[in-house]
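# Reading the structure
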Amino acid sequence: KKILAGVNAVYNVLKLTLGPEGKNAILPRSWNRGPRITNDGYTISENILLKDEHERLAAEAFKEGSKKTNQLAGDGTTGTAVVSGYLINKIFNILSREDIPTVDYGENKSKAVRALRREILEIKDKVIEKIKEKAKRVESLEELEKIAIVAVGKEDEKLAKITAKMVWDIARDEQGNFVDNHIDMTEGIKGELETEITKGMRFPAKVANRAFVTNPDRFEMVCEEVSIFITNYKLINVYEVIGILNNLKQSKIALFSPEFSFGVMNSLMASAQKGVFAYPIKCPALTTDELEDLAVYSGATVIDKNKGMRLANVSTEFLGFADKIIVKDTEDREDAVLLGGRGEKVRHGVETLIASRADVLKEQLKLAKNELLKIKLEKRIANLSSAVGVIKVGASTENELLYLKLKIEDAVYSCKAALQEGYVKGGGLCLKEIAEELEENILTETLKEPYNQIQKNAGGKLEIGEDVIDAAKVVRLIIEHGISIAAVMATTDILIPDERDKSVADSYKPIANALNKYTYFWARREGLIKESEDLAYNEMEQKWDEAMALDRD
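Residues numbered from 1 in each chain as written. Predicted model: local features only at pLDDT ≥ 70, side-chain atom pairs only at ≥ 80, totals over all residues. Heavy atoms only, no water.

The subject of this paragraph is the packing of helix 6 (residues 141–152) against helix 13 (residues 398–421). As a packed pair, helix 6 and helix 13 sit with axes 8 Å apart at the nearest point and diverge in direction by 140°. For the pair helix 6 and helix 13, the crossing hand works out as right-handed. For the pair helix 6 and helix 13, contact is made by Leu 144, Ile 147, Ala 148, Ala 151 and Val 152 and by Lys 407, Asp 410, Ala 411, Ser 414, Cys 415, Ala 418 and Leu 419, respectively. Class assignment of the residues belonging to the contact of helix 6 with helix 13 gives a composition of nine nonpolar, one polar and two charged. (Axes fitted to C-alpha atoms, helices over the stretch in contact; angles between N-to-C directions. Helix = DSSP H or I, 4+ residues; strand = E, 2+ residues; numbered from the N terminus. Left-handed = near helix turned anticlockwise from the far one by under 90°. Contact = heavy atoms within 4.5 Å. Nonpolar A, V, L, I, M, F, W, Y, C, P; charged D, E, K, R; others polar.)

Turning to the packing of helix 3 (residues 53–73) against helix 4 (residues 77–93), a few remarks are in order. Look at helix 3 against helix 4: their axes get within 8 Å of each other, and the N-to-C directions meet at 150°. Judged by the angle between their axes, helix 3 and helix 4 are roughly antiparallel. You can see that helix 3 and helix 4 cross each other, and the crossing is right-handed. Packed against helix 3, whose contacting residues are Phe 62, Gly 65, Ser 66, Thr 69 and Asn 70, the element helix 4 presents Thr 77, Thr 80, Ala 81, Ser 84, Gly 85 and Ile 88 at the interface. Of the residues belonging to the contact of helix 3 with helix 4, the class tally is three nonpolar, eight polar and no charged. (Parallel < 35°, antiparallel > 145°, perpendicular 65-115°, else oblique.)

This part is about the confidence of the model for the protein chain. On average, residues of the protein chain score 83 in pLDDT, and 84% of them are at 70 or above. The secondary-structure element of the protein chain with the lowest mean pLDDT is helix 17 (residues 504–507), recorded at 51, while helix 14 (residues 429–437) shows the highest, at 96. (pLDDT = per-residue confidence, 0-100.)

This next bit is on a negative patch on the surface. Together, Glu 122, Asp 125, Glu 129 and Glu 133 make up a negatively charged patch on the protein surface. Inspection of the secondary structure puts Glu 122 in helix 5 (residues 113–134). For Glu 122, a relative accessible area of 53% translates into the label exposed. (Patch = residues over 30% accessible without salt bridge, like charges linked within 9 Å, V, L, I, M, F, W, Y side chains within 5 Å. Areas by Shrake-Rupley, 256 points an atom, 1.4 Å probe, with all protein chains shown as cover. Salt bridge = Lys/Arg side-chain N within 4 Å of Asp/Glu carboxyl O. Lys, Arg positive; Asp, Glu negative; His and termini not counted. Charge placed at Lys NZ, Arg CZ, Asp CG, Glu CD. Buried < 20%, exposed > 50% of the residue type's maximum accessible area, 1.4 Å probe, protein only.)

Here Glu 225, not a glycine, exhibits a phi torsion of approximately 45°, which is positive. For Glu 225, the location among the structural elements is in strand 8 (residues 220–230). In this structure, Lys 249 takes a positive phi of about 50° despite not being glycine.

On to the sheet that holds strand 10 (residues 277–282), then. If you trace the nine strands from one edge of the open sheet to the other, you get 5-15-6-12-11-8-9-10-7, paired in mixed fashion. Strands with a single pairing partner mark the edges of an open sheet, and in this sheet they are strand 5 (183–187) and strand 7 (206–207). In terms of strand pairing, strand 8 meets strand 9 (residues 252–257) through four bridges, oriented parallel. Following the sheet pairing, Ile 230 is matched in strand 9 by Phe 256. Against the sheet, helix 10 (residues 288–298) makes contact with strand 6 (193–203), strand 8, strand 9, strand 11 (320–329) and strand 12 (334–339), and its axis sits at roughly 140° relative to strand 6, the strand it touches most. (Pairing = 2+ DSSP bridges.)

What follows deals with helix 3. Spanning 21 residues, helix 3 covers 30 Å between terminal C-alpha atoms, matching the ideal 30 Å at 1.5 Å per step. Taken as a whole, helix 3 carries its principal kink of about 30° at Glu 64. Residues of helix 3 that are buried: Glu 53, Ala 58, Ala 59, Phe 62, Lys 63, Gly 65, Ser 66, Thr 69, Asn 70, Gln 71 and Ala 73. Against helix 1 (2–14), helix 2 (41–46), helix 4, helix 13 and helix 16 (472–490) lie the buried residues of helix 3. Where helix 3 begins, the capping side chain belongs to Asp 52, and its oxygen is found 2.9 Å from the backbone nitrogen of His 54. Once helix 3 ends, the next one or two residues include Gly 74, with phi positive near 75°. (Expected span 1.5 Å × (residues − 1). Bend = angle between axes of the 7 residues up to and from the residue. Polar contact = N/O pair within 3.5 Å; in protein donor to acceptor, adjacent residues only side chain to side chain.)

Right, let's talk about the packing of aromatic side chains for a bit. As enumerated under the stated definition, the model contains one aromatic pair in all. Here the basic side chain of Arg 172 rests over the ring of Trp 168, its NZ or CZ set 3.5 Å away from the ring centre. In this structure, Lys 432 is placed above the aromatic ring of Tyr 451, and the distance from its NZ or CZ to the ring centre is 5.2 Å. (Phe/Tyr/Trp six-rings, centres within 6.5 Å; stacked < 30°, edge-to-face > 60°. Lys NZ or Arg CZ within 6 Å of the ring centre and 35° of its normal.)

Here it is as C-alpha cells:
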C-alpha cells in the first residue's frame, strides 16, 4: 500500500499533463522568487516531495524511469510515467492477498510474480521491435515541423516551426544524417523569437562537483564571459590553486583539469563567497593534443607538465576567453560546448587561429595510416568547427519566459530524436496499434493507456490526424524505461527508508561538520590557531568522503 501510494502521488499528477490538452501545474521556487507555471513532466515530478518516508522512497524509485528517458531523449517524461504508473497499478491490483509471491487471475488461476515479470519483459522486447519496424525516416522539414508542433502544442505553431527549422539546419550533415550539434536558449527581446547559427567547440567534459551546477533543470553548469585556464596537471593542492587565483586576479574563470581534489573544491566554494567565481571543469578524457585544440579555440596556452611548465608561474597571458561555456552534467555522457572563443578573433597570417589549427589537423589526417587515428583526427576537426544554434526567446514575464523555454527545449529534443531514429504515429496511436496487432496479454491495456489518457485530458473529443507524429526514439524509451521500472517494482515488497533523513537541514549537517573540521585543520596548519586537539589528515579525508556520499544520496 505504501509503494502504491508513493507511485500514485507522482503518477496521478503527471498523467493530467499529457497531450495537447494537458494541464499546467504551479510550482514553488527557491530564493523568494515567485511561483512558476509549467506542464513539463520532469520539472513537475522533481517538485513532488512526500513527507511520508516510505512513500517518498517509492516515489523516487518510480521517477527513475522518467528521469532516464529525459536524460537520453530530453522528452517523454510524462509518457514514461503514464506507462509505468498504469502497469504498476494493474499488477498490484491483481496481486494475491495471501502471503505468497503470486498474481491472482481469479477462477483459481495464478502465476508467480517473477514469471510474470519475465513475461512482461519478453513482450516489451516485441513492442520495441514493432516500434522500430513502424519508424519512418524524416525526409523533409515539414515532417520535422509536425514533430515540433506535437511537442509544443498547436497554439504555439509559429514557435514550433522556428525551432524545427533551427534543428533541420544545424543537426544534419550534407547527406542528411544526424549530427548532435548544440542548440542554446537565451533571453531575447520582449515578444520576439529570434534564431542565429554561430560556431562553437564541443568536447567531452563534466562538472567537477554538483555544487557548481547553475541550471539543475537542464543538468547544466553555464558560465558567461569567462576567462579560461587549461592544464594537464591534476589540481589537488589547495595552496597551488589559491596561488593561481591570486596571480591571475580574475573575477570569473573556468579551470580545465583532469582532476580536482576535495580540498580544492572547498577552496573554490569559499572563493565564490568572496566574489571570485572559479568554475571547475573536469576533462580526464582529453589528451594533451585535444587540450591544445581547446586552447587554440579559446586563445589560451596549456600549462603542460610534459614541457616542465610550472603552475606557480602562470600569468594572465596564458588565459583564454569565451563568451559562454555550457557543461552537461548527466550520468550517461560527458558533454561541453564553448561559444565565442578568442581564437575566432586572433589571426595567424590570413587565417584565424582556429582555421590554421584545423589545416594542421587535416594535413595529419592525410598522412595517417592507422584507422583509429584517422577517426580521432576527423572528430577533432569536426569539434573545432561545430555549429551551435541559438534561439532567443522574448516574453512579457519571467513565468512566460520559463514556460516557453521548456516548450522549445522539448521541441528541440523531440526533433533531434526524430532525426536519429525516425518517427511514428503520434498521440499514443502507435502503441495502441501495436497493442491491437499483438495477441492479448498483460501489456495490452498498458499500451493503450497513453492514447486513452490523452483523450481523457481532452474530454474524449480529440481527433488525431496523420499530421500528429512522435519521434520513434522517444516512444521506444517510454516503453523501455516505463515497463522496466514497473517490472522491477512488481517484485518489490519491502521499503527501508533512511530514518536519519528527517529534513533537508539535517541531511546537510554531516557536510557542514566536515567543512568545519577541514577549516579547523587548515587554520591550525597555517598557525592561525593553536589547540591541543589533533586531527589527522587521513581522518579529515575520510570524513569529507562520507559527507560527499551523503550529499550525492
